[in-house]
Amino acid sequence: MNFYERLMQLDRRWVYLGVAIAVTIPVLFPFKVPVYVTPEAKSVYDFVENTKPGEIIFLAIDYDPNAMAELHPMAKAIMRQCFSKGIKLLISALSQNGPGMAEQLISEISKEYNKKNGVDYVYLGYKPYFAIVMLAMGQNFRIPFPTDYYGNPLDSLPMMDGVRNYDDVKCVISIVAGNIADYWINYANGRYKVKVALGVTGVMSADYYPFLQSGQIFGLLGGLKGASEYERLTKQEGVATEGMSIQTVAHLVIIGFIVIGNIGFFMSKKNKVKR
Amino acid sequence: MRRQLPIFIVFIAGIFMIIQYFIPHQSFEFIYEYAMDWIIIIGIFAMLLGLWSLTRASVSKVQTKAPGWGFSVMTLFGLALMLFLGFYQGNKSIAEGTHFMDLFWYIYTPIQATMFSLLAFYIASAAYRAFKARTILATILLVTALIIMLRLIPLGPISGINQWLASWILTVPNMAAKRAIWIGVGLGATATCLKIIFGIERAYMGKD
Amino acid sequence: MVTDLNTALWNTIAMFLTFCIFSFLYKDNPFYKIAEHIVVGVSAGYFAVILYWNGLVPKLWDPVFKQGKWYYLIPGILGVMMWTRFSKKYSWISRLSIAFYMGIATGVAVPLYVQNYVIRQLSSTMLPVHFQNTTGIFNLLIIIGVLCALIYFFFSKEHKGAMGSAAKVGIWTLMVGFGAGFGVTVMGRVSLLIDRVIFLRNYFDSFFTWFIKYIL
């Protein structure tokens with residue numbers, strides 16, 4: 001086996017070690033990188049900025065702990081922007097382990113802004129069969145959610161006075177991992193014409209550009225990059241902004257491995273032809 | 001009858017829902033709202049099926065002392081502990097700050113998040129091994145991926161060009177490709193739904 | 001993060017479990033297996049409790065026993081019928097509940113899939129084409145890309161001649177799409193690892209700060 005063939009067949013644990021070092025060093029020695037804001041992220045920010053105090057935004061926390069890394073910073077940034085502007089939030093958690101995510105978010109951010117449950121925000125909680133829940137909410141929020149997450153009847157909450165369905169909220173911003181995003185577009189926007197914006201994981205972000213172009217969603221935040229763009233727009237540097245510098249180093253290392261693999265491939269091929 | 005009745009129910013319910021979409025009359029809305037409401041209640045019981053299935057499988061493994069039965073004890077222990085903590089304080093158990101939520105945050109969340117973080121290593125390894133410019137198509141894929149990955153890296157004077165190029169790739173050719181895929185998904189899903197409604201597709205019923 | 005003994009203990013458990021999972025990168029081992037099996041049990045328990053307090057109580061128990069809406073027993077009975085799935089003799093009863101759900105879900109989906117995934121997407125592809133600026137040219141590229149990619153997926157006719165050339169342009173478009181998908185996927189996966197490493201850094205930082213303070 002010559003050098004180039006060995007280059008192509010490096011033990012995968014060396015690759016793991018390379019990635020581990022690439023992520024650990026910038027965590028221990030942080031630095032800053034510029035964050036370029038995309039028009040699709042700015043659309044979400046501008047919409048929330050133009051929402052008047054007292055109006056309601058529906059924030060759907062539709063992710064589990066496995067997507068927390070990318071989506072929790074995004075959800076925090078949006079929630080902070082809404083609370084700082086006096087916008088009321090109607091929150092749901094339609095993924096199986098999402099309720100815990102939303103509960104943590106609410107308890108942390110509402111304390112920062114001194115917001116009260118039932119007055120400044122209402123947390124609806126979870127129900128199974130999210131597609132049916134979305135359709136039912138289009139008729140009346142009380143059909144799938146007669147009570148909030150804590151067991152309080154919706155009719156007893158001051159914020160829900162006169163709030164019946166999607167017609168009474170400005171938009172739905174869904175922070176989502178998985179195919180729940182498809183149903184927000186298809187059912188909530190498709191049937192009830194409520195404006196929808198998505199905050200999705202990096203893996204999913206490339207898939208939703210057709211809906212952005214067609215106007216079925218008005219904004220798209222993609223992964224940790226989308227979260228860092230939103231943090232930049234709202235001037236609150238957090239985990240996402242810190243993560244961008246680490247992403248830079250990790251990406252360089254992965255690109256390096258791809259280049260090494262290709263050099264090995266082409267040089268081995270060349271040597272085989274010579275022989 | 002055991003197969004015909006469910007097929008008949010699917011047909012009636014399916015056709016009613018399709019017609020209901022086009023006729024926003026109050027009587028249709030009335031049935032529609034109740035249907036949505038009842039489905040959610042049925043869904044709650046359906047989800048609990050999974051819990052029963054897991055418990056049965058773990059208990060069976062422990063009873064028969066199958067290989068790895070000790071790990072099934074851990075599963076049952078975790079399940080029992082969560083159920084106990086989730087009920088002993090009533091509905092206050094699910095609020096932040098309780099032991100139930102502590103287990104969610106300090107046991108479930110780190111394990112789940114770390115399991116998925118292993119994918120970072122696997123994708124690097126997969127990219128190193130499989131991402132070779134063997135053919136023109138593979139080269140197009142590779143070059144596109146590199147441009148998208150480079151948008152996170154400050155490239156000095158050519159950062160602006162790379163940002164524009166990445167944005168163009170996402171909003172023009174990528175958008176066109178994904179649109180074709182979504183149209184295919186829509187047509188396929190519609191065909192499958194119609195096959196279920198008309199009783200051609202019966203896999204959901206299971207075997208006799 | 002670590003501010004007192006309680007948070008120190010919980011965060012130490014979280015740190016230990018994180019390393020248990022990371023140990024799988026070297027090779028499979030009992031620590032990884034323990035963590036894996038615990039998470040399955042804890043996850044199932046968590047979901048069952050949430051289903052009970054958020055689902056069963058407000059949707060069935062309260063309406064039937066506190067509000068006197070006895071007709072809610074009908075979906076309750078349909079739900080319990082689902083559980084007959086595990087019985088060999090009575091599993092056919094569960095088909096009735098499943099049929100009810102399948103009929104409604106598929107009926108609702110048909111017009112919406114056609115409207116949103118097909119008609120709306122096709123109508124959004126009808127873009128103005130002109131050569132006055134780059135927008136017109138890019139619109140043309142979008143139209144060609146969508147049509148050629150759709151032609152590529154049409155396997156009922158052999159990809160020869162004009163159709164073959166269109167299918168070739170289609171597969172190039174799809175490759176650009178998949179390449180973009182891979183690029184964003186790398187970012188997505190690395191983000192997950194970044195979060196864990198930041199957690200470990202914050203844990204060790206705050207733990208040793210607290211520990212020194214606690215000892216002193």
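Everything quoted here is computed from the prediction, not taken from an experiment.

Criteria and thresholds
Residues numbered from 1 in each chain as written. Chains lettered and ligands numbered in written order. Predicted model: local features only at pLDDT ≥ 70, side-chain atom pairs only at ≥ 80, totals over all residues. Helix = DSSP H or I, 4+ residues; strand = E, 2+ residues; numbered from the N terminus. Rg over C-alpha atoms; globule rule 2.2 N^0.38 Å. Contact = placed C-beta atoms within 7 Å. Axes fitted to C-alpha atoms, helices over the stretch in contact; angles between N-to-C directions. Parallel < 35°, antiparallel > 145°, perpendicular 65-115°, else oblique. Left-handed = near helix turned anticlockwise from the far one by under 90°. Nonpolar A, V, L, I, M, F, W, Y, C, P; charged D, E, K, R; others polar. Domains from an automatic or database assignment. Buried ≥ 20, exposed ≤ 12 C-beta atoms within 10 Å, placed from the backbone. Arc of directions from axis to C-beta. Core = buried A, V, L, I, M, F, W, Y, C linked by C-beta atoms within 7 Å. pLDDT = per-residue confidence, 0-100. Pairing = 2+ DSSP bridges. Right-handed = clockwise from strand over helix to strand, strands pointing away.

Caption draft 1: Representation of the overall build of chain B. Counting its secondary structure elements, chain B contains 7 helices and 0 strands. Taken from the N to the C terminus, the helices and strands of chain B come in the order α-α-α-α-α-α-α. Computed over C-alpha atoms, the radius of gyration of chain B comes to 26 Å, more than 25% over the 17 Å expected from 2.2 N^0.38 for 208 residues, which places it beyond the range of a compact globule. Principal-axis analysis of the C-alpha atoms gives chain B an extent of 65 × 55 × 40 Å. Contacts spanning at least 24 positions in sequence make up 25% of the contacts within chain B whose residues lie at least 6 apart.

Caption draft 2: A look at the packing of helix 7 (residues 173–197) of chain B against helix 5 (residues 134–152) of chain C. Running from N to C, helix 7 of chain B and helix 5 of chain C point in directions that differ by 40°, and their axes come no closer than 8 Å. With respect to helix 5 of chain C, the element helix 7 of chain B is oriented oblique. As helix 7 of chain B runs across helix 5 of chain C, the sense of the crossing is right-handed. Counting all contacts with helix 7 of chain B, which are made through Pro173, Met175, Ala176, Ala177, Arg179, Ala180 and Ile183 of chain B, the residues of helix 5 of chain C involved are Ile142, Gly145, Val146, Ala149 and Leu150 of chain C. Considering only residue class, the contact of helix 7 of chain B with helix 5 of chain C consists of 10 nonpolar, 1 polar and 1 charged.

Caption draft 3: Focus on the domain arrangement of chain B. Split by domain assignment, chain B resolves into domain 1 (1–87) and domain 2 (96–130). Between domain 1 of chain B and domain 2 of chain B, the C-alpha centre-to-centre distance is 27 Å.

Caption draft 4: The interface of chain B and chain C, seen in detail. In this assembly, 98 residues from chain B lie in contact with 95 residues from chain C. Put simply, the parts of the chain that give the side of chain B that touches chain C at least two residues each are helix 1 (4–22), helix 2 (26–63), helix 3 (69–87), helix 4 (99–130), helix 5 (136–150), helix 6 (159–171) and helix 7 of chain B.

Caption draft 5: Here's a closer look at helix 3 (residues 73–82) of chain C. Taken as a whole, helix 3 of chain C has its buried residues at Pro75, Gly76, Leu78, Gly79 and Met82 of chain C. Considered in projection along helix 3 of chain C, the buried side chains sweep an arc of 160° and stay on one side of the axis. Among the exposed residues of helix 3 of chain C, those pointing more than 90 degrees away from its buried face are Ile74 and Ile77 of chain C. Considering only its buried residues, helix 3 of chain C is in contact with helix 2 of chain B together with helix 2 (30–66) and helix 4 (94–125) of chain C.

Caption draft 6: Structural view of the nonpolar core. Among the nonpolar cores identified, the biggest contains 219 residues, and Ile57, Ile61 and Ile91 of chain A are the most heavily contacted of them. Considering each element in turn, this core owes the most residues, 16 residues, to helix 6 (residues 161–215) of chain C. When residues of this core are sorted by domain, at least three fall in each of domain 1 (1–87) and domain 2 (96–130) of chain B. Ile91 of chain A has contacts with Leu59, Ile61, Ala102, Ile106, Tyr121, Val122, Tyr123 and Leu124 of chain A, leaving out every residue within four places of it along the chain.

Caption draft 7: Broad picture of the confidence of the model for chain C. All names here are of chain C. On average, residues of chain C score 92 in pLDDT, and 100% of them reach the 70 mark or higher. Averaged pLDDT values for the elements of chain C fall to 92 in helix 3 and rise to 95 in helix 5. We note a pTM of 0.93 for the whole complex and an ipTM of 0.90 for its interfaces.

Caption draft 8: Layout of the sheet that holds strand 5 (residues 196–200) of chain A. Residues and elements named next belong to chain A. One open sheet accounts for 6 strands, arranged 3-2-1-4-5-6; its pairing is parallel. Strand pairing shows two members of the sheet lacking a second neighbour, strand 3 (121–125) and strand 6 (219–222), which therefore form its edges. Taking each pair of neighbouring strands and ignoring which way they run, the sheet shows an average axis angle of 15°. Two elements, strand 5 and strand 6, share 4 bridges in a ladder whose sense is parallel. Bridging across to strand 6, Gly199 finds its partner in Leu221. The strands touched by helix 3 (residues 39–49) are strand 1 (56–62), strand 4 (172–176), strand 5 and strand 6; relative to strand 6, the strand with the most contacts, the crossing angle is about 120°.

Caption draft 9: Quick look at the interface of chain B and chain A. Each partner contributes residues to the interface: chain B has 43 residues there, and chain A has 47 residues. Of all elements in the fold, only helix 2, helix 4, helix 5, helix 6 and helix 7 of chain B reach the threshold of two or more residues within the side of chain B that touches chain A. Among the elements that line the side of chain B that touches chain A, the one with the most residues is helix 4 of chain B, at 15 residues. Split into classes, the residues belonging to the side of chain B that touches chain A amount to 27 nonpolar, 9 polar and 7 charged.

Caption draft 10: The arrangement of unusual backbone geometry in detail. Residues and elements named next belong to chain A. Of note, the phi angle at Lys193 is positive, near 60°, even though the residue is not glycine. Positionally, Lys193 belongs in the loop between helix 7 (180–192) and strand 5. Classification of Lys193 as exposed rests on a count of 11 C-beta atoms within 10 Å. Even without glycine at this site, Lys235 takes up a positive phi of about 55°. If you trace the backbone, Lys235 turns up in the loop between helix 10 (223–233) and helix 11 (239–274). Accessibility expressed as a C-beta count within 10 Å gives 7 for Lys235, which makes it exposed.

Caption draft 11: Structural view of the pairing of strand 4 of chain A. All names here are of chain A. Of all 5 residues in strand 4, 5 are buried, a share of seventy percent or more. Residue alternation in strand 4 divides its side chains into two sets, Val172, Ser174 and Val176 and Ile173 and Ile175, and both sets are buried. Looking at chain direction, strand 1 and strand 4 are connected through 5 bridges and run parallel. Bridge assignment links Ile61 to a residue of strand 4, and that residue is Ile175. Across 5 bridges, the pairing between strand 4 and strand 5 is parallel. Following the sheet pairing, Ser174 is matched in strand 5 by Leu198. In this view, the connection linking strand 4 to its parallel neighbour strand 5 by way of helix 7 has right-handed handedness.

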